[in-house]
Structures are given as structure tokens and as C-alpha cells.
Amino acid sequence: MYIHINRNIIKHGLQSVTRLLIKNATLATMVTGAEPYGLIPDGALAIENETIAYCGPLATLPEDMKDWPSRDVDGALVTPALVDCHTHIVFGGNRAREFEMRLEGATYEEIARAGGGIVSTVTATRAASEDDLLASALPRVDTLIAEGVTTLEIKSGYGLDIESELKMLRVAKRIAKERPVTVRTSYLGAHAVPADYKGKSDLYLDEVCLPALKQAHEEGLVDAVDGFCEGIAFSPEQIAGVFAAAKALGLPVKLHAEQLSNLGGAALAAKFGALSSDHLEHLDEAGVKAMAEADTVAVLLPGAFYTLRETQSPPVDLLRKHGVSMAISTDCNPGTSPLTSLLLTINMACTLFRLTPEEALSGVTRNAAKALGLADRGMLQKGLRADIAIWNAAHPAELAYRIGFNPLEDRIWGGA
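Residues numbered from 1 in each chain as written. Predicted model: local features only at pLDDT ≥ 70, side-chain atom pairs only at ≥ 80, totals over all residues. Heavy atoms only, no water.

Per an unreviewed UniProt entry, the chain is named Imidazolonepropionase, and its organism is Cohaesibacter marisflavi.

Quick look at the pattern of salt bridges
Summed over all chains, the structure comprises 27 salt bridges. D196 serves as the salt-bridge partner of R126, at 3.9 Å between the closest nitrogen and oxygen. With R126 in helix α3 (residues 118-127) and D196 in the loop between β8 (182-190) and α6 (201-218), this residue pair connects regions lying 70 residues apart in the sequence. Of the residues examined, R126 reaches a relative accessible area of 28% and is grouped as partly exposed. (Salt bridge = Lys/Arg side-chain N within 4 Å of Asp/Glu carboxyl O. Helix = DSSP H or I, 4+ residues; strand = E, 2+ residues; numbered from the N terminus. Buried < 20%, exposed > 50% of the residue type's maximum accessible area, 1.4 Å probe, protein only.)

Describing the environment of E310
Relative to the assigned elements, E310 resides in the loop between α10 (302-307) and α11 (316-321). In this structure the C-alpha to C-alpha distance between E310 and L260, which are 50 residues apart in sequence, comes to 9.4 Å. Sequence-distant contacts of E310, that is, excluding residues within four places in its chain, are made with L260 and F305. (Contact = heavy atoms within 4.5 Å.)

Description of the packing of helix α4 (residues 130-145) against helix α5 (residues 162-178)
Contact geometry for α4 and α5: axes closest at 10 Å, N-to-C directions at 50 degrees. Regarding the angle of α4 to α5, the classification is oblique. Viewed along their axes, α4 and α5 form a crossing whose handedness is right-handed. Packed against α4, whose contacting residues are E130, D131, L133, L134, A137, L138 and V141, the element α5 presents K167, R170, V171, R174, I175 and E178 at the interface. Partitioning the contact of α4 with α5 into residue classes produces seven nonpolar, no polar and six charged. (Axes fitted to C-alpha atoms, helices over the stretch in contact; angles between N-to-C directions. Parallel < 35°, antiparallel > 145°, perpendicular 65-115°, else oblique. Left-handed = near helix turned anticlockwise from the far one by under 90°. Nonpolar A, V, L, I, M, F, W, Y, C, P; charged D, E, K, R; others polar.)

Points about the domain arrangement of the chain
Taken domain by domain, the chain consists of domain 1 (19-80 + 379-412) and domain 2 (82-372). Inter-centroid distance (C-alpha atoms) of domain 1 to domain 2 is 31 Å. In total, about 1,700 Å² of surface goes out of reach between domain 1 and domain 2, with carbon and sulfur atoms giving 61% of it. Here domain 1 is connected to domain 2 by zero salt bridges. For the pair domain 1 and domain 2, the interface holds seven residue pairs in polar contact (both at pLDDT 80 or more). Those elements that place two or more of their residues in the side of domain 1 that touches domain 2 are β5 (77-80), α15 (397-401) and β15 (408-412). If you tally residues by element for the side of domain 1 that touches domain 2, the top one is α15, at four residues. A breakdown of the residues in the side of domain 1 that touches domain 2 according to their chemical character gives 17 nonpolar, three polar and four charged. (Domains from an automatic or database assignment. Buried area = accessible area lost by both parts, 1.4 Å probe. Polar contact = N/O pair within 3.5 Å; in protein donor to acceptor, adjacent residues only side chain to side chain.)

Here's the deal with the layout of surface pockets
In this structure, the largest pocket spans a volume of roughly 450 Å³. Along the wall of the largest pocket there are 20 residues; nearest its centre are A112, R113, V119, V193 and I232. Elements supplying a minimum of two residues to the lining of the largest pocket: α2 (108-113) and α3. With three residues, α2 is the single largest residue contributor to the lining of the largest pocket. (1 Å grid on protein atoms, 1.4 Å probe; cavity = no way out; pocket = protein on both sides within 12 Å on 5 of 7 lines; lining within 4 Å. Points joined across faces, edges and corners; volume = space filled by probe spheres on them.)

What about the packing of aromatic side chains?
Evaluation of the coordinates by the stated rule reveals five aromatic pairs. Measuring from ring centre to ring centre gives 5.7 Å for Y197 and Y204, while their planes differ by 65 degrees; the resulting arrangement is edge-to-face. We note that Y197, like Y204, is buried. On the basis of an interplanar angle of 25 degrees and a centroid distance of 6.2 Å, the ring pair of Y204 and F234 is categorised as stacked. One end of the pair, Y204, is in helix α6; the other, F234, is in the loop between β9 (224-229) and α7 (236-248), and 30 residues separate them in sequence. Judged by relative accessible area, Y204 falls into the buried class, the value being 0%. F234 gets classed as buried once you look at its relative accessible area, which sits at 0%. A network of ring pairs unites the aromatic residues Y197, Y204 and F234 as a single cluster. When the ring centre of F91 is taken as reference, the NZ or CZ atom of R140 above it lies at 3.8 Å. (Phe/Tyr/Trp six-rings, centres within 6.5 Å; stacked < 30°, edge-to-face > 60°. Lys NZ or Arg CZ within 6 Å of the ring centre and 35° of its normal.)

Points about the sheet that holds strand β12 (residues 297-300)
With parallel pairing, the eight strands of this open sheet are ordered in space as β6-β7-β8-β9-β10-β11-β12-β13. The sheet is open, and its two edges are formed by β6 (82-84) and β13 (326-328), each paired on a single side. Averaged over all pairs of adjacent strands, the angle between their axes in this sheet comes to 25 degrees, without regard to strand direction. Where strand β10 (residues 254-257) meets strand β11 (residues 276-279), four bridges bridge the pair, whose relative direction is parallel. Following the sheet pairing, K254 is matched in β11 by S276. (Pairing = 2+ DSSP bridges.)

Set out below in C-alpha cells:
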């Protein structure tokens with residue numbers, strides 16, 4: 001098993017198991033049904049190789065599993081391992097000065113138009129080597145792993161030239177080799193217009209964004225394609241062109257949409273069958289309906305809402321009304337959400353957006369996996385991947401309740 005807590009052993013604590021029986025557990029399976037959290041008290045969970053072989057009451061455990069090597073967890077909470085489905089965790093430099101500027105009254109848009117924001121991170125990211133970017137990203141990744149994260153999405157979007165975008169994606173793939181975590185990459189070349197293409201956004205898309213996407217795909221570096229649909233970034237028409245190119249390559253899409261205004265980005269993304277639309281503070285009911293019809297996940301990002309001191313929260317009631325799946329994520333990035341705690345994100349989703357603790361836990365397990373197109377994880381269910389977290393807690397609501405406390409005892413990644 002993988003024992004998590006000391007970050008010094010993150011690279012060295014992985015131990016393969018062929019069979020393992022976890023018994024006397026409080027199982028929060030996160031399988032939808034009559035019981036909140038899919039809760040099974042006095043439960044047992046059997047792992048064989050990388051897969052869950054049984055999950056259910058201990059009383060109905062198959063006879064041939066009762067003599068498997070076992071661990072009695074004495075009623076401890078067992079959940080699916082956590083999934084952080086929206087991060088920008090690879091970047092150069094930091095933007096602490098911009099944090100000060102916002103406290104002094106500058107808005108996100110004012111900072112961006114003055115050459116700060118995303119563009120300032122671009123300068124630092126272009127100047128950094130792959131090794132430098134890896135070295136700066138790993139402590140952030142380690143912090144997430146230590147809170148039970150086993151699957152992590154990482155976006156490009158701070159290079160904004162062909163080689164720098166590819167460099168970011170290569171680093172993201174290297175993280176998966178350096179640490180026991182599954183990494184899904186999203187190409188975000190349509191994140192911002194770099195200074196050298198100021199006023200020429202269409203030319204940037206034609207000369208940089210789309211050629212880099214094609215090359216990233218050829219090198220096997222990209223799992224999905226993202227974009228930023230805002231007045232300070234790209235129009236719906238421009239994003240549609242990027243998404244058409246993604247679909248031609250057989251890549252799924254997702255979108256930063258309706259964060260600062262409502263340009264109809266979520267509805268556009270839904271037309272392309274997007275895995276997710278993210279942020280969504282200014283989303284209207286028409287956009288919610290479009291997402292519901294396309295089964296597009298709403299990824300809510302309370303860290304950015306908090307850091308930017310926003311006042312308009314996502315339309316959670318409308319998302320519930322129309323049955324849109326809600327995920328939550330750290331949005332770890334240097335400017336608007338320098339957050340590396342998914343447990344704190346769970347609490348913030350409840351306190352800032354009024355999600356229930358069950359919705360929040362679904363948002364970092366089942367629905368977060370769905371937002372990445374991963375149907376093999378996010379629940380405790382026979383046949384799914386054995387990505388599991390064991391907590392020093394008696395009830396899943398405790399994971400949303402505490403602030404700044406990490407109750408993780410063990411983390412199992414693919415049965416290891």
C-alpha cells in the first residue's frame with residue numbers, strides 16, 4: 001500500500017499488492033442510490049491487482065475472499081480517491097504582486113489589460129526549462145497527493161508559442177512518471193493572446209494555437225482541448241474554430257466559460273459535446289439547459305471566486321434543477337487560485353456556493369472523473385479501478401466540515 005503523509009516518502013512509499021481485503025469500513029461508495037453518499041456501514045472492499053473485486057456489506061463477502069490478506073480499519077471512512085479535474089499546476093514564477101494589486105483595488109480585467117495576469121506568467125514560463133518547471137510543479141503535486149488525490153488534470157496555456165506549449169505538456173507527462181498519480185493533459189493554447197500578437201488574435205490562432213495543437217497531438221501529449229471564452233481572451237466564434245480542429249483530431253473539448261461575463265460559451269461547448277464547462281459564475285438558464293442536454297459537467301472553482309473576491313456565484317440551483325453534474329476543483333494557478341488543497345476546496349464549495357457535503361464529495365470523485373471522461377474511477381464499485389482513500393473519519397461530512405486539517409490515513413492508487 002501507499003502510505004501518504006510524509007511528503008519525503010511520496011516517491012518511495014509505493015508497494016504492489018495482488019490481493020487485499022479492507023474490512024470493517026464505513027464505505028462512501030458515491031454510487032447513486034437510496035443512501036446518501038452510497039453509504040455502506042460495516043462494509044468490506046476487496047482489491048485484486050488494480051481492480052475492485054468486491055464492495056459491499058462485510059456480511060455478504062464471498063467465501064473465497066474471506067482468507068485474503070486483510071486490513072481491519074475499525075470503522076474508518078473509505079471513499080474513492082480524489083480527482084482534481086481542473087488545474088494549471090505547471091507554470092513559471094508567481095504573481096504575488098498582483099495579489100497585492102487586487103487588494104489595492106485593481107480588477108482582474110484591469111491587471112490583464114495592463115500586461116499582467118496570464119501574460120506575465122507567460123514570460124516566466126517561456127524562460128524556464130523543462131527541469132525548472134518540473135521542479136517547481138512537484139511540490140504542488142505532492143501536496144495534492146498527500147490529501148488523497150490520485151488523478152490530476154494539467155493544462156498548458158502559459159507558453160503561447162509552439163515550443164513553450166509543448167514544453168508545458170511534456171512536463172505534465174513527466175509528472176506522471178515522477179509521482180504515483182494519473183495525469184490527464186488539456187491543451188489550452190487558446191488561453192490568452194500573447195504580447196507579440198496583441199491585436200492580432202486570429203493570426204495567433206492560425207500561426208501558433210492550431211499548429212501547436214496538431215504537433216501536440218502527433219507527439220501524444222494531449223488528452224483534451226480547452227479554451228478561454230471571454231472578452232479578454234477569445235470570442236465564441238474563435239473558440240468554435242479551435243474546437244472544430246480538436247474534433248477533427250478526435251480529441252474531446254472543455255471550456256473556461258461565463259467566468260466574467262456571459263458570451264454563451266457554455267452553450268457553444270455543449271454543441272461540441274464538451275466534457276465540461278468550467279467557472280460559470282455568469283451562466284444563464286439557456287446555457288444550463290444546453291449543458292444538461294449534452295451531459296456536460298459543470299466544474300465549479302471556488303478558489304478563483306474567493307481569490308478574486310467575486311460576488312456572483314454560479315447558478316447552483318439551476319444546475320440542480322436541470323440535473324447537470326457538478327464537479328469542483330482547485331483551479332491551481334499562479335494568479336487567480338494559488339490553491340493546492342482539494343480538501344479546502346470541498347469546504348469552500350459548501351460555504352461559498354452552498355453545495356451540500358454530499359454534492360461536494362461527488363464533485364471531487366464521481367463527477368470529477370466524468371469531467372475528464374474517465375468512467376473507470378470515482379466510485380467504489382466492482383470492476384472499477386482501485387483508487388481508494390482511507391480517512392481518519394467516521395462520516396463523509398467530516399471531509400467538508402474541517403478547515404486546514406488533513407485526515408488522510410492511506411491512499412491506494414491502482415491497487416498499489
